Structure formats: C-alpha cells, structure tokens
Amino acid sequence: MIIIPRLYLSAVLFALSFVGIAQDFSISGKVVDANNNPIEFANVVVFSGTENDFLKGTSTDEFGFFKLDDLDSANYLIKISYIGFNPFEQKIILKGNLNLKTIQLKQISERLSEVVVIAKKPTITRKPDRLIFNIENTALTEGSTLGVLKSTPGVIVSEGSINIKSAPATVFINDRRVQLTSAELIQLLESAPANSIKSVEVITNPPASYDADSGSVINIVMSKNLVTGYRGSVQTNYTQGVFPRYNAGTSHYFKNNKVNVNVNYNYTNKKINRDQDDRVDFFNSAEIVDEIWTSNVNRNSSSESHNLNLNFDYYLDDKNTLSLTSTGLYTPYFKYQIKNITNITDINQNVEGAFTADNLSRDTKYNIGTDLIFRHDYDNSASLTFNGHYTVYNYERNQNVFSNFFDQNNNFTNDSEFNTLANQDTQIFSGKIDYNLPFNDNSSFTVGLKYSNIVTESDITKRDIIGASEVIDLNNTDAFNYDEKVIAGYSNFTKSWDKWDIALGLRVEQTNIKGESLSLLEVNTQNYLNWFPNASISHQLLEDVSIYATYKRSIARPSYTDLNPFTFFLNENNVVLGNPNLIPAYRDHYKIGTSFLDYFTIEAYYMNYDGDIVELPRQNNATNVVEITPTNLDNKVDFGFDFSFDYYPTNTWNLYFATSFFNVSEEVNFNDGFVELSQWSNYSVLQNSFSMLEDQSLNVNLTLTWVGKSLLQLQTKEDQLFSEFSISKTVLNKKGVISLAVEDIFNFQDQETLLRYGNQSSGSFVDVDNRLIKLGFRYKFGNTKLSTNERATSAEERERLKDLN
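1. Details of the pairing of strand β45 (residues 751–757)
Turning to step 1, where the next piece is worked out: On β45, burial follows the alternation: Q751, T753, L755 and Y757 on one face are buried, whereas E752, L754 and R756 on the facing-out side are not.
Turning to step 2, where the next piece is worked out: Judged from the 2 bridges that link them, strand β42 (residues 715–717) and β45 form a sheet pairing that is antiparallel. In the sheet register, T716 faces β45, and the bridge partner there is L754.
Turning to step 3, where the next piece is worked out: Two strands pair when backbone bridges link them, and β45 and strand β46 (residues 760–768) are joined in this way by 7 bridges, in the antiparallel orientation. When the sheet's bridge partners are listed, Q751 is paired in β46 with V766.
Turning to step 4, where the next piece is worked out: Where β45 hands over to β46, the hairpin turn is made up of 2 residues, of which G758 adopts a positive phi near 50°.

And the structure:
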C-alpha cells in the first residue's frame, strides 16, 4: 500500500521533469539593418507550423537582441518584421536551443509613406457644429489649397472673397487664424499645394475658444507627420488660362523622438486677365435717367510671390512640448494694369462724350505670421497651453492714372494725370492661455484668456501732374493710425450621457479701438463689452436617427481698412473710400437638424444680422462719381432649409449631393430713402469621387456647384455654375503623382450683378479668368526608416505602428 503512492509520486515527478526539459528550448538572435545598426522594437513572432496558428512573440531590445523561451521540440515558423523593412520568415525544426545569430532586414524599395498610404475617396462627416471634408490621399490633394476649398461642400470662392454660402468665412490653419486680407489669403491659398491637407472643417457654430468675430470658420487641418525619419517632395504645376501660370515648390519632413520639423516653400508666377462690362444710369434732379455710362474694362495683374511655411515641434519630455509655426508671404513684384474705355450717351443712345482711363499700379508687400506654443500635459489627461503670436505686414503701392477725354464727335478735349503713393505697416500681437480638463471619458471643461493688439500706420499721397510738375493734392493726402485692443475670456463645457450630447460655451470680449486721421484731425474711438454665448445639443432618437440644435452669437468688427478715411482712385470717376463712422455688426445664428438612415441630413437655419457691414457702390448723380464704401445695414436676415445625401454606391465610388433653399433680405436707410430688398435662392452641390484600377492608384473627382440668383450687398447676382474635374495617377513605383484638373468646364462661372433701388441703377458683367487647365507633377523621396525609440511616440503613432506590423 505504501509502495503504490510512492510509485505514483515518482511517476508524476518524472513527468513534470520531462515537461520542464521539453519546454526549456529557446530561439534567440540579433536584428540589424543594412548598415549593421541594431533595430529596436522589431516584432518577433513564432507560429506553430502555419502563420494562422500564433504561439508567442516578443520584440527586440535596444541592442537588437531577442529571445523566445519555453518552446517545445517541434516545427515552427518565425517571422520578424519592422515598419519600413521587408519581413524575415524562416521555418525551423527546433531540437534544442537555437541562436539565429545576426538577421539583417532589408529596407523596402518603396518609401514607407507610399507603402502605408492607400488612395482614398473624399469623405464627409457631418456634426452638429461643422462639416468635415476629408481629402487626405485623394486626387484633390494634387491641386492647390484654394482648389480644395472650391470643392468643399458649402464653400463658395468668388473673386476676392471666400464665403460659407452667403456669410464671409474666417480661415484658420490647424486652429490658428490666418492674419491676411481677403486678396492676400486667396493668393496664399492659390499658391500653396494641397498635398499636406488632411481635411477641411466648415464650422458654422465655432466654440467659444474661437474669436468672437469668427462667425463662420473654415479650418484647414494639416496631416500630422507620424512617421519618424526624413521624407520630402518636389512639385510643379502649369496652369493655362488666358495667360500661363507657373507654380513650383518643395516640402520636407523630419521626425525623431525629440523633434518634428515640416518646411514648405512655394514660388508662383502668374498673370491673370479680367474683362468687365459696366453700365451706370445717372439720374437728373427730376429722378429721370439723364446719362448712361457704359464701360469696357480690361484688368491684368502680373505677380511673383514666395510662400514659406515652417512647423517645428520640440518634445522636451513626455509631458511638455514647445512648438514654433510661421507663415511668410513675400510679393516682390505685383503689377496691376487697368484699361478703361467709357462711352457716355443719353437715354436715346445719342453720344455725349467719352473718356479713357489707364491705371498702372506696382506693389511690393510681405506678411509674416509666427506662433510660439508651449503645451504641458498632466497625469489626469488635462493640458495647459500657452500661445504667443506676432504678425508683421508691410505694403507699398505706386499708382499712375492717366485719362483722355473726348467730345460727342470723338474729338480730344483734354487729359489728366496723377500719381499716388500708399504705404501701410501693420503689427499684430496676441497671447493666449488655454486649460483643458477632462472630467472623465464623457465630459470636459475648457477655460482660456486671450489678449490681442493690432497697430497700423498708413499714409497716402496724391500728386496731380500739371505740365511737367507734380503738385500735392492736399484734399486727398492723409495719414491714418489705428490701434485695436481686445481682451477675451472664454469657457467651454461638453458632456455625453445615454443618448445625449451637449456643448455650452461663453466668450466675453472687451474691445477698445482708436482711429486717428492726422491730416483731417479726426479721432474715432469705440469701446464696448460684449457677451457671446454658444450652445449645441444632440439626441439619438433611434439607432439611425438623431436630432440636434445649435446657437451662436458672433461679432464682425470694421477692419482698419474699412475705418481708414483714405480715398483710393481707380480713375477720376471711380473711387474707393473708407468710413470712419462704421460700428460693429452682430449675428445670431440658430439651427436645427436631423440625420437619419446613415445617408441623409436635413437642417433649417435662421441668421439675424444687426448692422451687417457691406461694401456698397453708390453713384453720385450730381458729380458722376461712383464711390465704393463700407456701410452698416440696418438689418439683414438669412434663413433657409438644407438637405444632404452622402452615399457609397460601391467601395470605390462616393456620391455626395446637397441642396439649400434660402432667403436673404437686406434693409438700410439712406439719407435719400429707405431700401428693403429680398431674394430666394438655391445652392446645390453634386460631387462624385472615384478610385480606379486594382491598386486604386487612379483617382477622379468631379464637383458641380450651382449658385442660383441671389441677393448680396443690395445687388442681385445672376445664376452661376461652378465646375471642376480632377484626376491623379501614381507613377514611378508610387514615388510620383501626375495630375490633371479642369475648371469652369461649361463657361458658366462669370459673374453678372444688377443694382436697382431709389436713384441707384447700375450693372456689371465680369468675365473672370477661371477657365483653367492645370497639369501637375509631384515626386516623393526620403528615408522613412523609423527611429529606435518607441517610448517617445504618441498613442496615435503607436496605434499606427500596430496596424502596419
């Protein structure tokens, strides 16, 4: 009886010792690259016979060594992989401890960015406060940034302005405001390539962290440089309109465990043509049309510009990051030439006279904006960010205007000539502190402070040329100083629970403005405190049905150019002048909507403007001078209904359709009468995106945008159809991309406007140089081998590494 337990115990011990011996084998080795440098964090995986039967795995240490213990005597498949290298595979018959010694991984011939990036279709994500247009790795990225905005649903790019439907948009890049004039912004976006853009956010209800004068925001989100190492690209574009245009640039990226650098440079050389037919009906004292002035105007602008962008991140440690971003636009050459031929007739088309006016301007300007950002991340996921900004802007224009006048028999009567010299120097300072505190996964709180100061010094000198002498025109010579200070405090709160989401925000701004005309001895001051709330709420009614509502109050301050009382002469009968009596305008924006069945969205909105600032042409019937001046409207209301449909008929075809029916009414009381106008309109967009070929290397995008007859600044704009077709194809083993784009396919983008109220009557047809064919090429290069310190990478990067391995 005693012998049996002993035999049983001996058998158990013998079996356990046999198992211990059987599972005590190991596989070890060292992983290096082509230069025999050790590779850390390479994945080493062992499979039992086939790749589908995972057994165990490990990763290499900082010296490239690895060891897998406790393996049975059996047949195995070992696989060693590391991002940017061809994987190593070997079948093993393990009968004892095995040292594979040195295993050299070969770098893949195609760069990592080309291996991991798969061509995609543009996608649209709609949230209660914004629409997100994702374009990364699509055909649209082979064009210009301005071209991307033209294809973004809801965005209308017209001559000299970027709007979200009828509302002017403020443009941000990575949540940082671009401090440029409208014309300079369009110039910058047109010269900047789109290959670094990830998405475009059309934000109709910006949170309180955005400036209160950002009523409608376009935020251009740039791609993050997640891959460590160096990579770069060179690109060039040739565009044929009336005249050829050229653009060339280069982009460079570098990242390791301490720094992230992105530098982009672009050079643009272009000449743009514009033909314009104008008509003005001048009235006599009896309010009857007395003279009709018809003008044919040809405008050519030739320019060269240099654009440099820098983004630099320095990771002090896991919790502190110092960043520097800078955007520079330098235009050493800008030539603006206008040739005007005006015929004057009576109501019966009898000729009463004519004149020609030639305007030649030469500009030089530069604009450099720089941000310095420090971010600290706390252990509880909270963060504290300090942001300092400085912009310097310098502008100089030399202008010559020469006019010839003729009688009813086309005989020369006299001429006039004058020169103007205009200068402007602007500096913008701002400082911002943001603290973000997530309470949990479902709620967070953000609070911040901001101070900004805009200082502008400008002057203009007009000299009449009489004989061979220049005589200063004291009535049109002035200097203007502008100082604007804004102090803001703001907070945002977001919370999600059950099927509800809510966001509340409040911004308070104290504004102090002083404008001083030195020659006129006029001083304009404005001081006001305003509150700007915003809110959004959404509820998931059913699995595929949600409803939401938003509210936002914003302000539009008159700019320093609007308040500047200078008179800029296009010719002696067409002038642009400022208005020092402007006051800020306020907008209240309400919206409700529903999304259902994954594909459909319906919204209704209402916007009320108090004192909207618009630039109006006003004809003086006594002097026959047309003055373009900014004016406060008494009231403006914009309301409408939006419908959108976003669907994928196939895996390689995306179809997006949106339409909006809206009404705009404008009211203003001039000294000579009250004006009230209203107009219903339709905005529709149809966008098709395709990915073709087996590897989806051929991408096609077709966008059609219809803007129906509409009311804008007391003028009626006739129908327009915007069209763009773009195609791109990867070549040279996916290192190169060739692209082709065509704009205004149907020649229906020209702008026709009519102005009819009271004793104001005029019309204009503008043939814009926007029928374009663009051919582009981009070549990518660089070593995208990963660094050997994964510990410093972000969570987002680590997730990407998992996917790639």
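2. A look at the sheet that holds strand β4 (residues 65–71)
Turning to step 1, where the next piece is worked out: If you walk across this open sheet you meet the 3 strands as β4-β1-β7, and the pairing is mixed. For this open sheet the edge positions go to β4 and β7 (98–104), each flanked by a neighbour on one side alone. The mean angle between the axes of side-by-side strands here comes to 15°, regardless of whether they run parallel or antiparallel.
Turning to step 2, where the next piece is worked out: Pairing analysis gives 5 bridges linking strand β1 (residues 25–32) to β4, with the strands arranged antiparallel. Opposite F25, over in β4, you have L71 as the bridge partner.

3. Structural notes on the nonpolar core
Turning to step 1, where the next piece is worked out: Counting 40 residues, the largest nonpolar core has L149, I162 and I218 as the members making the most contacts within it.
Turning to step 2, where the next piece is worked out: Setting aside chain neighbours within four positions, we find L149 in contact with V155, V157, I162, L189, V200 and I218.
Turning to step 3, where the next piece is worked out: Grouped together as the second largest cluster of nonpolar side chains are 20 residues, V31, I39, A42 and L100 included.

4. Some words on the pattern of salt bridges
Turning to step 1, where the next piece is worked out: For the structure on display, the rule yields 21 salt bridges.
Turning to step 2, where the next piece is worked out: Between D211 and K450 there is a salt bridge, with the nearest N and O atoms lying 3.0 Å from each other. Of this pair, D211 sits in the loop between β15 (197–203) and β16 (217–222) while K450 sits in strand β25 (residues 443–466), placing them 239 residues apart in sequence.
Turning to step 3, where the next piece is worked out: When its relative accessible area of 10% is taken as the criterion, D211 is described as buried.
Turning to step 4, where the next piece is worked out: Among the ionic pairs, D464 bridges to K462, the shortest N-O distance being 2.7 Å.
Turning to step 5, where the next piece is worked out: Residue K462 is classed as buried on the basis of its relative accessible area, which comes to 6%.
Turning to step 6, where the next piece is worked out: Sharing partners across several salt bridges, the network here consists of R177, D211, D213, K450, R507, E509 and R557.

Scoring rules and cut-offs
Residues numbered from 1 in each chain as written. Predicted model: local features only at pLDDT ≥ 70, side-chain atom pairs only at ≥ 80, totals over all residues. Heavy atoms only, no water. Buried < 20%, exposed > 50% of the residue type's maximum accessible area, 1.4 Å probe, protein only. Helix = DSSP H or I, 4+ residues; strand = E, 2+ residues; numbered from the N terminus. Pairing = 2+ DSSP bridges. Axes fitted to C-alpha atoms, helices over the stretch in contact; angles between N-to-C directions. Core = buried A, V, L, I, M, F, W, Y, C linked by side-chain atoms within 4.5 Å. Contact = heavy atoms within 4.5 Å. Salt bridge = Lys/Arg side-chain N within 4 Å of Asp/Glu carboxyl O.

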